[in-house]
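Commentary on secondary and tertiary structure
Residues per chain, in single letters:
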Amino acid sequence: MSFDEIQLIRMIVAVVATALFVAASVIFLVYLERKVAGHVHRRPGPFEVGPHGMLQTVADAVKLLSKQPLKPDGADPVLFWLAPIAAFAPTLLLLLPIPFGPILTGFEVNLGLLLILAFSGINVLALCLAGWGSDNKWAMLGAARSVAQAVGYEIPLLLAVLAVTFTSGTLNLSEMVAQQGPYPWHWNIMTQPLAFFIYFVCAVAETNRNPFDLPEAESELTAGFHTEYSGMGFGLFFLAEYTNMIVVCSVCTALFLGGWQGPFLPGFWWFLAKMYVLLLVMMWFRWTFPRLRFDQLLNLNWKWLLPLSLLNLLGTALVMKLF
Amino acid sequence: MNALRKMGEDVLGLWSLVKGLKITGAFFFSKQVTVHYPRAGVDNLATFRGPIELVPNPEDPAGPLCIACMTCAATCPTGAILVVKKNALKPVDAAPDQNKTARKAPKGPAKFTYDYTLCCQCGLCAENCPKGAIRFSGNPYCASINKKDFEFDLLEKFRMNMD
């Protein structure tokens, strides 16, 4: 077999493996989210289906699958059905360049970070299509909000990531992880704490999670961009949201928290543990902070995160040049 | 200067976010207050307002303390209570000019029905009862799929005692 064929087979295996990983993770994450919500409210969360409610999400998934996908009369048939697919399809690709372990990378590419940042932009387009195609004012408003939000928060996120790439000198995530060490004082978060902070805030905003969940603000917009979706149409959006959470937390782990580096345990478990800690923090945020107002959301971005990330980038460049 | 102070305030405001995280974090690890109902029951029923019930007469536990004054039925804002007095004695034929007070009705309800579906648990009936003959039962598990099951005859328990 030629090298190309081996690469192709490797990629196919990786895509199937990531699809399975995503499906299993999302099922678990939804369960975890509801458990966290429950415990924060001092109630048990899902408890009745399966031991400690473990099968609740499986039951919910079956319910979603068996529901009829409906389309409103005025909706654009092509855009309406394209949107959930466009939301979910790129998310599998996003997990390919992420190093889950020393050799556990689906697609070893020297521009891995750029690939992730580029393809994560498609999600915004999907939300926009969903909002436009639904022929619903709530959906339209949600889509408009999501575009303003995503465009705004992408910039500080990119600048924060850029500061880290300055210090590491590579866009290959595997190499970036390899440059860091097993203990916290070896990690990039020690040299770039501000970048980590900005990245994490932007990541929460990019995945439309609380307190930045304006595109799907229940109390104002019913369900925002996915108001008109039922069954698996909604299911795919849901799946995409949780997969995006996994992606941003994986990238954060690789960039700032030393990726698979860690003592004693094999690399994969360290990566998973760090990723899940970040996911838990995101859930913790969700059940603590109230939703921002739209002007607050944009002010936070343009008046705080953007100047801060620019300063951080300039400072990093200066330090890199001087020392 | 003002702008700088505003900025400083905003940065200090971040501390409130940490405070919020502390509160929810503490709740996450504290004891749950929700009870797994069919497997466990609640214990603090002292202040629980279930459907109302009639207090038995301490002198005659087989009968209610109620004197059928109708105050409860009159004060009930939702009209959930229906009281029917015991009938007055028939006027004695031999004494047509007898005073009305002489043929006093026995003080007590002939019928006391209560529709739990209408009740708003405001407690006005229990509060206004001159004899203190109404109280909230501590029954938290009052549930049914039939609306008729919530139309209680509050005298029933006394009748059952008689049998």
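Because the structure is predicted, anything quoted here is derived from the model rather than measured. (Residues numbered from 1 in each chain as written. Chains lettered and ligands numbered in written order. Predicted model: local features only at pLDDT ≥ 70, side-chain atom pairs only at ≥ 80, totals over all residues.)

**Quick word on the domain arrangement of chain B**
- When its domains are assigned, chain B resolves into domain 1 (1–30) and domain 2 (52–89 + 99–162).
- Domain 1 of chain B and domain 2 of chain B are separated by 55 Å when their C-alpha centres are compared. (Domains from an automatic or database assignment.)

**Structural notes on the pairing of strand β3 (residues 109–115) of chain B**
- Pairing geometry for strand β2 (residues 81–85) of chain B and β3 of chain B, over five bridges, is antiparallel. Along β3 of chain B, the bridge assignment pairs Leu-82 of chain B with Thr-113 of chain B. (Pairing = 2+ DSSP bridges. Helix = DSSP H or I, 4+ residues; strand = E, 2+ residues; numbered from the N terminus.)

**Points about the environment of Val-58 of chain A**
All names here are of chain A.
- Take Val-58: it is sitting in helix α2 (residues 56–66).
- For Val-58, a count of 14 C-beta atoms within 10 Å puts it in the partly exposed group.
- Note: C-alpha distance between Val-58 and Phe-197 (139 residues apart in sequence) is 34 Å. (Buried ≥ 20, exposed ≤ 12 C-beta atoms within 10 Å, placed from the backbone.)

**So, the packing of helix α3 (residues 77–94) of chain A against helix α11 (residues 231–256) of chain A**
Residue and element names in this part refer to chain A.
- Contact geometry of α3 with α11 gives a least axis separation of 8 Å together with a crossing angle of 30 degrees. As the angle between them shows, α3 and α11 are arranged roughly parallel. For the element pair α3 and α11, the recorded crossing hand is left-handed. Each of Pro-84, Ile-85, Ala-87, Phe-88, Thr-91 and Leu-94 in α3 lies in contact with α11, whose residues at this interface are Gly-233, Leu-236, Phe-237, Leu-239, Ala-240, Thr-243, Asn-244 and Val-247.
- Looking at the contact of α3 with α11 residue by residue, the classes come out as ten nonpolar, four polar and no charged. (Axes fitted to C-alpha atoms, helices over the stretch in contact; angles between N-to-C directions. Parallel < 35°, antiparallel > 145°, perpendicular 65-115°, else oblique. Left-handed = near helix turned anticlockwise from the far one by under 90°. Contact = placed C-beta atoms within 7 Å. Nonpolar A, V, L, I, M, F, W, Y, C, P; charged D, E, K, R; others polar.)

**Quick notes on the packing of helix α1 (residues 3–40) of chain A against helix α12 (residues 267–286) of chain A**
Residues and elements named next belong to chain A.
- Remark: α1 packs on α12, axes separated minimally by 10 Å, with the N-to-C direction vectors making an angle of 45 degrees. Overall, the two elements α1 and α12 adopt an arrangement that is oblique. Note that α1 runs across α12; the crossing there is right-handed. On α12, the residues that touch Leu-29, Glu-33 and Val-36 of α1 are Leu-279, Leu-280, Met-283 and Trp-284.
- The residue inventory of the contact of α1 with α12, partitioned by class, reads six nonpolar, no polar and one charged.

**A word on the interface of chain A and chain B**
- Chain A puts ten residues into the contact, and the matching count from chain B is twelve residues.
- Looking at side-chain class alone, the side of chain A that touches chain B contains six nonpolar, two polar and two charged residues.

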